Amino acid sequence: MYSTLNHVVQDEIQAVFQTLPFPFFALEADEATDVGNISILIIYIRYRSSLGEVTSRFLAVRELTNTGADSIYNTMHSVMADRGLFDVDLVGLATDGANVMVGIKTDVATKFKEECP
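Everything quoted here is computed from the prediction, not taken from an experiment.

A. Spatial organisation of the side chain of Asp107. Structurally, the position occupied by Asp107 is in the loop between α3 (99–102) and α4 (108–115). Buried within the structure, Asp107 lacks any salt-bridge partner; its nearest side chain of opposite charge belongs to Lys113, at an N-O separation of 6.4 Å. A distance of 3.2 Å separates a polar atom in the side chain of Asp107 from the backbone nitrogen of Ala109. With residues near it in sequence (within four places) discarded, Asp107 still touches Ala69, Asn99, Val100, Met101 and Val102.

Laid out in structure tokens, this is it:
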């Protein structure tokens, strides 16, 4: 099921970013556990549309083998690579505030700050 969602979204996001007048975006991410006790990462993207409106869209859902910061960061990094988002500036990261996402030293936000200052 998750792979079908990812496939549909990939073409749509690439088409959007080919026509974007503003070369930046932000990510919104949340880790959750589904009814089958499987940890998943849900990622949304926020960007300014060609009409100048801030738009949020579903970007990806991925299963997590581990819910640590490294695993979440690597999964988000993989999604960005799959969607061709390294040509566009990441300017923000929104999360639920969990320690693994925005802790002190080894959290996801710190890892992104090191790569995308």
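That shown, we press on.
B. Spotlight on the packing of helix α2 (residues 69–82) against α4. Close contact between α2 and α4 brings their axes to 9 Å; oriented N to C, the two are set at 50°. By the angle class used here, α2 and α4 are oblique. Note on packing geometry: the crossing formed by α2 with α4 is right-handed. Residues Ala69, Asp70, Ile72, Tyr73, Met76, His77 and Met80 of α2 lie in contact with α4, whose contacting residues are Val108, Lys111, Phe112 and Glu115. Residue classes in the contact of α2 with α4 are distributed as 7 nonpolar, 1 polar and 3 charged.

Rules of the game
Residues numbered from 1 in each chain as written. Predicted model: local features only at pLDDT ≥ 70, side-chain atom pairs only at ≥ 80, totals over all residues. Heavy atoms only, no water. Helix = DSSP H or I, 4+ residues; strand = E, 2+ residues; numbered from the N terminus. Buried < 20%, exposed > 50% of the residue type's maximum accessible area, 1.4 Å probe, protein only. Lys, Arg positive; Asp, Glu negative; His and termini not counted. Salt bridge = Lys/Arg side-chain N within 4 Å of Asp/Glu carboxyl O. Polar contact = N/O pair within 3.5 Å; in protein donor to acceptor, adjacent residues only side chain to side chain. Contact = heavy atoms within 4.5 Å. Axes fitted to C-alpha atoms, helices over the stretch in contact; angles between N-to-C directions. Parallel < 35°, antiparallel > 145°, perpendicular 65-115°, else oblique. Left-handed = near helix turned anticlockwise from the far one by under 90°. Nonpolar A, V, L, I, M, F, W, Y, C, P; charged D, E, K, R; others polar.

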